[in-house]
Amino acid sequence: MTDTSPAASAPAKPRNFFAALEVDTRLIGMIGAFVIICLIFNFLTDGRFMTPRNIFNLTIQTASVAIMATGMVFVIVTRHIDLSVGALLATCSAVMAMIQTLVMPDWLGLGLDHPATMPVAIIVGMATGAAIGAFQGWLVGYLTIPAFIVTLGGYLVWRNVAWHLTSGQTIGPLDSNFQLFGGINGTLGESWSWIFAVFAIIGSVYALWQSRRTKVKHEFPVKPIWAEMVLGAIIAVTIVGFVAILNTYEIPVRRLQRIYEARGEVLPEGVTQGYGLPISVLLLIVIAIAMTIIARRTRLGRYIFATGGNPEAAVLAGINTRLLTVKVFALMGLLCAISAIVASSRQTFHSNDIGTLDELRVIAAAVIGGTALSGGMGTIYGAILGALIMQSLQSGMAMVGVDAPYQNMVVGSVLVVAVLIDIIYRRRTGDKV
Amino acid sequence: MTAPLVELRDMQKSFGGIKAVDHVTIDLHPGEVVGVLGHNGAGKSVLMKMLSGALQRDAGEIWINGEQAAISNPRDARNYQIETIYQYLALADNLDAASNLFLGRELITRMGFVNDALMEAETRKIMKRLNPNFRRFHTPVAGLSGGQRQSVAIARAVYFNARILIMDEPTAALGVQETRMVAELIEQLKSEGIGIFLIDHDIHQVKMLCDRANVLRTGQLVGTVKVDEVSEDDMLGMIIAGKCPPQGVPGPGALA
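Worth saying up front: this structure is predicted, and the values here are computed from it rather than measured.

Draft legend 1. A look at the nonpolar core. Among the nonpolar cores identified, the biggest contains 181 residues, and Ala69, Met72 and Ala365 of chain A are the most heavily contacted of them. The element best represented in this core is helix 14 (residues 321–347) of chain A, accounting for 16 residues. Formed jointly, this core draws a minimum of three residues from each of two domains, domain 1 (1–81 + 164–256) and domain 2 (91–161) of chain B. Excluding anything up to four places from it in sequence, Ala365 of chain A contacts Val65, Ala66, Ala69, Ala383, Gly386, Ala387 and Met390 of chain A.

This is the structure in structure tokens:
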């Protein structure tokens, strides 16, 4: 018992730059992989990959899968799986589409684009997703049917419940307010995007400062002050850069003219306007923060990870693991509904095939992001990065002109290799979480 | 004589048709270490799990300080200040020492979030007392040695002011040095008036640490002996052949 912890013994002389920053090396690895992928595609497409337009598209294409992937992290951490998320998304999407095109305008006689339609559709959709998720969680937790079976059944059931609800028809166009969540149809614009950036930076710096203050208060070792500042600077530059790029993607003049006309104004000569941050991406960011807080700062999150690490120990510690399973699946269902909002409003209608194969993309995103299928291990930011990496590969290959079957072969191989790298990494670092 | 700290009266538990614990009655006094011995499958762990709330008894009564106690889950047991130290089951390998110590009883900030900093500070305090060499507060416990893991488990019991401690083979996975550390801890807890049930296979260790020992065989109590009054062979005879020596108090499972 002569071991020493690096944090306790060597705060003053860190081994290297990254150690001083105390940033997860796996995170750095994933970001590195993502950057390399971007650079390669940018080279292969003669610079078309890293244009503001494509980066904008990448973010809105990633949002739906990434939102669900954050929930899948909890499911997989508790040693379960959810194969039904794509189908559940379809059911939620169908329910919301029906509310927008049938229930609100016809049954309740409110007409199209009534201001109440969007919130009602969203609330009912989210309730549907959470209820179905809770039901599946109950089957898993209380009736002890393996999650694989429950959600494999759910995969068939919910996709076809969606089909039944809509009689297999495509339903649209959706409510115009609802479409704001679709990406290009709903962005913050330049000024609000910058305001968002300012708040994001203030929030991040405050979080860093607060964390340091707590450590000082308890007399724990802290990182050198320069490391905190470097970290803060990296975060600030990232936020500013991201918003700047999205703001650079300009709304086409025709479209801008229509926006001005709708307001009863005339587009002044030479005025341009960037899209800025899509609302769907803002939603993803908010969900990512909320899910990270749940994972790290709440009892629910602590119990999710404890149960994944050692279910028996969790039970002996007095944790109701059955109810926990219901909560985890209900949360997954809720996130499926939110993804359904983003996915259906992006295509401006509900279609039968919405969310097809999403279950596999979502699981792959979580796993590429370092979530271990053996349970107890995974991060929210990892899953989002995983989703982003997969979407980049897919979009990049499409831009290069790789045929779809080959794209799938590459993505499949990347999934397997990513897990292999993770296993090797864990062996080297000795099972570090 | 004052009421015992714990009395398990006529405890019964069956799994399918098998009587895992069959009419067992034993007791424990403050500041006493009482061994629970027997072969694998003799029913000692099942008996203790009924006290710790991990298993529901079919029949029988649990009395604590002369009052009947209602224990049907681990939380109930904790309310009676019953803490259990399991050899293999108790820690979530992916969490650090503080998270494990407070698992199920997290300290909460005013905002309702888990107060990791305060929990770490408390963990550092208690570990300073129990295992001053312990420094790896940010490592998942999977990365700790057997002794370090055990000290986390023991710290959990001590921190929450256990009055009744159940130790299930606390030294089974430990080296000589670490076993000595645990033995010293048991002595220390004993001197603080805590009653300890010690499940153990090692007769030598039982001789050394326990005041009394109960031997179970195929779910029945062979008998209760004061360890000073009997030899190690006597105890082996109880475990293997079910023979209670004349110095002991025979139970329903004693053979002639």
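Draft legend 2. Representation of the interface of chain A and chain B within the structure. Contacts between chain A and chain B engage 32 residues on the former and 34 residues on the latter. Every element with two or more residues in the side of chain A that touches chain B is listed here: helix 1 (6–9), helix 8 (189–217), helix 12 (299–309) and helix 13 (311–316) of chain A. Residue contributions to the side of chain A that touches chain B peak at six residues, all from helix 12 of chain A. Taken together, the residues of the side of chain A that touches chain B sort by class into 13 nonpolar, twelve polar and seven charged.

Draft legend 3. Here's a closer look at the domain arrangement of chain B. Residue and element names in this part refer to chain B. Assigned domains of chain B: these are domain 1 (1–81 + 164–256) and domain 2 (91–161). Domain 1 and domain 2 are separated by 27 Å when their C-alpha centres are compared. If you look at the interface, domain 1 gives ten residues, while domain 2 gives seven residues. For the side of domain 1 that touches domain 2, the leading source of residues is helix 6 (residues 176–191), giving four residues.

Draft legend 4. The sheet that holds strand 11 (residues 249–250) of chain B, seen in detail. All names here are of chain B. Taking strand neighbours across the sheet as the criterion, the seven strands line up as 6-7-8-3-9-10-11 in an open arrangement whose pairing is mixed. Two strands in the sheet have a free side with no partner beyond their single neighbour: strand 6 (82–85) and strand 11. Bridge count for strand 3 (residues 33–37) against strand 9 (residues 212–217) is four bridges, and the pairing is parallel. In the strand pairing of strand 9, Gly35 is matched with Ala213. In the packing of helix 1 (residues 44–52) onto the sheet, contacts are made with strand 3, strand 6, strand 7 (164–168), strand 8 (195–199) and strand 9, and the angle to strand 7 comes to roughly 150°. Helix-sheet contacts for helix 6 involve strand 3, strand 7 and strand 8, and the interaxial angle to strand 8 is about 150°.

Reading the values: rules and limits
Residues numbered from 1 in each chain as written. Chains lettered and ligands numbered in written order. Predicted model: local features only at pLDDT ≥ 70, side-chain atom pairs only at ≥ 80, totals over all residues. Core = buried A, V, L, I, M, F, W, Y, C linked by C-beta atoms within 7 Å. Buried ≥ 20, exposed ≤ 12 C-beta atoms within 10 Å, placed from the backbone. Helix = DSSP H or I, 4+ residues; strand = E, 2+ residues; numbered from the N terminus. Domains from an automatic or database assignment. Contact = placed C-beta atoms within 7 Å. Nonpolar A, V, L, I, M, F, W, Y, C, P; charged D, E, K, R; others polar. Pairing = 2+ DSSP bridges. Axes fitted to C-alpha atoms, helices over the stretch in contact; angles between N-to-C directions.

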